[in-house]
There are 2 protein chains.
Amino acid sequence: MKTTAKKKSLNPSDWEKATLDVIAHQGVSAVAVENIAKDLGVTKGSFYWHFANRKDLIVAALKRWQSDDKEVIKQEIWSIPDPHERLNAWFLLSAQPLQSHLIYATLLADRQHDFVAKVLKEVTLERLAYLQKSFQEIGYVEGQAKQQALMSYSVYVGYLHMAKTLHGKFKDSNNIENYAKYVAKQLIPA
Amino acid sequence: MKTTAKKKSLNPSDWEKATLDVIAHQGVSAVAVENIAKDLGVTKGSFYWHFANRKDLIVAALKRWQSDDKEVIKQEIWSIPDPHERLNAWFLLSAQPLQSHLIYATLLADRQHDFVAKVLKEVTLERLAYLQKSFQEIGYVEGQAKQQALMSYSVYVGYLHMAKTLHGKFKDSNNIENYAKYVAKQLIPA
DNA sequence: AATTGTCAATACGCAAGCGTATGGAAAATG
DNA sequence: CATTTTCCATACGCTTGCGTATTGACAATT
């Protein structure tokens, strides 16, 4: 579903974005060059001009996802000086329906592939690090901050899967922002 | 890696167990009848005597997993009358390195398949229900109990993925049971 | 002893999907 | 205007993996 007839020629970036769409909704294993080509309105012949093979495409797409995500955190989270507010903002951001979150959730599934596992580990460790840092700024000692960060991040990951698994079954009863606030209240000391 | 030379003939149950092994470590998409046959020391010809097709095998395996899991909860959790103790036991059980948990984690990944999504939803809703019930017994009103259950369960799911993603990177610093107790203390009111 | 039922091996057809080879059209460049 | 570069289509070969067909071996039954 691309807005057809916009530009005449494709670049690697277009392929990466289309690939991320597939990863977000169907996982890495579902990335098939012929299908993505069809989505973009071309055939396989085009793909192998831009990329060497399927794996290169996926790696490039994941790299793009990783750096885009890092940029968002930098802009939206690290710009907040107060650690309380910052953590609150992070929980709110986590509950937002962003493609970035979907991708993270599916990657957790496809970590059998070593190149997926690599990106995943990097991203996870970095996220844990800045959560831990914020909790330390609040006053937690290192050990506790580490556990609190791990727990907070687990809530995030768990939530992603819940939302996917349960569908409407649970955004009816209580809306998402409410839940995010509830969680934040539980995990961030007053 | 089966203990070869034990019994001369296979039954559906053997196939289901071998399938769950694959699902636990590589996910549903990795279930290939020819490979599982090799694991069991036979060839494809045998498989199609026991099952109609690949999907039937997976469905049967998942059904087995679901009922086995239900049985464990019934034995280990519901036998505990006090809700505080019961919830504590549940968190401890969650941190145990059981195959059942691995399977749940990979299923979250492979929920593109409708038959996986179905089992997953059933299991998740049931688990949320008994968590919620226990929190209500503690004194939470329904709405809060629901959110608390969701959050607790999210920590569980998130933890499963963390453990997989981070590998040794985090069972060094603090052992798993310690973390489980820390989480329980945070989520279960004194 | 003959027959039937149970479990498994082998061989085949078939579709999906990756990667390659080759040629062509359109745009940039000289 | 000629030529090179850029981007894409078509056609092919190859592998993987599902499902079927056929045959066989061994055990249970009569």
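The structure displayed is predicted, hence computed values, not measured ones. Starting afresh in each chain, residues are numbered from 1 along the sequence in its written order. Here chains are named by letter from A upward and ligands by number from 1 upward, in the order in which they appear as written. In view of the model being predicted, local features appear only for residues whose pLDDT reaches at least 70, and side-chain atom pairs are presented and counted only at 80 or more, with totals across whole chains, interfaces and linings using the full set of residues. No hydrogens and no water enter the side-chain calculation; it runs on all heavy atoms of the structure.

1. Focus on the interface of chain B and chain A
It only takes one pair of heavy atoms within 4.5 Å for two residues to be counted as in contact. Counting residues at the interface gives 40 residues for chain B, matched by 40 residues for chain A. Here chain B packs against chain A, burying approximately 3500 Å² in sum over the two surfaces, 67% of which is carbon and sulfur. Summed over both partners, the accessible area (1.4 Å probe) lost when two parts come together is defined as the buried area. When residues of chain B are sorted by the area they lose upon contact with chain A, Q147, M151 and Y182 of chain B head the list and together hold 18% of the total. Definition used for salt bridges: Asp or Glu carboxyl oxygen within 4 Å of a side-chain nitrogen of Lys or Arg. The interface formed by chain B and chain A contains zero salt bridges. Nitrogen and oxygen atoms within 3.5 Å of one another constitute a polar contact, given that in protein one can donate a hydrogen and the other can accept it, and given that sequence-neighbouring residues count only through two side-chain atoms. Here chain B and chain A share 10 residue pairs in polar contact (both at pLDDT 80 or more) between them. Starting at the N terminus, helices and strands are each numbered in turn, a helix being any DSSP run of H or I of at least four residues and a strand any DSSP run of E of at least two. Every element with two or more residues in the side of chain B that touches chain A is listed here: α6 (99-109), α7 (114-138), α8 (142-166) and α9 (176-187) of chain B.

2. What to know about the relation of the copies chain B and chain A
When chain B is fitted onto chain A, the two copies agree to an RMSD of 0.0 Å after a turn of 180° and an axial shift of 0.0 Å. Given the turn and translation reported, the copies of this chain are related as if by a two-fold rotation axis. Interface residue correspondence from chain B to chain A reaches 98%, placing this contact among same-surface, isologous pairings. To line up the copies, we fit them by least squares on C-alpha atoms, keeping just the residues with pLDDT of at least 70 in both.

3. A closer look at the environment of S67 of chain A
Residues and elements named next belong to chain A. By the element assignment, S67 lies in helix α4 (residues 54-76). The cut-offs for exposure are 20% and 50% of the maximum accessible area for each residue type, with area from a 1.4 Å probe on protein chains only; residues under the lower value are buried, those over the upper are exposed, and the others partly exposed. Since its relative accessible area comes to 43%, S67 is described here as partly exposed. The sequence separation of S67 and Q147 amounts to 80 residues, and the corresponding C-alpha distance is 26 Å. Polar contacts involving the side chain of S67 include one to the main-chain carbonyl oxygen of R64, which spans 3.2 Å.

4. Here we look at the protein's contact with DNA strand D
Taken together, 16 residues surround DNA strand D, and among them S9, T43, S46 and W49 of chain A together with K44 of chain B come closest. Whether a residue is near a molecule or strand depends on its heavy atoms: if one lies within 4 Å, it is near. The sugar-phosphate share of atoms of DNA strand D within 4 Å of the protein amounts to 62%. For the surface near DNA strand D, the secondary-structure elements that each account for two or more residues are α3 (44-50) of chain A together with α2 (33-40) and α3 (44-50) of chain B. Residues belonging to the surface near DNA strand D are distributed by class as follows: seven nonpolar, six polar and three charged. Classification convention: Asp, Glu, Lys, Arg as charged; Ala, Val, Leu, Ile, Met, Phe, Trp, Tyr, Cys, Pro as nonpolar; all other residues, Gly among them, as polar.

5. Thoughts on the UniProt feature "domain: HTH tetR-type" (unreviewed entry) in chain A
UniProt positions are given in the numbering used here, feature names are shortened, and annotations may be inferred rather than shown by experiment. Under the UniProt annotation, the feature "domain: HTH tetR-type" (unreviewed entry) is placed at residues 9-69 of chain A. Regarding residues 9-69 of chain A, the helix share stands at 75% and the strand share at 0%, and the terminal C-alpha atoms are separated by 27 Å.

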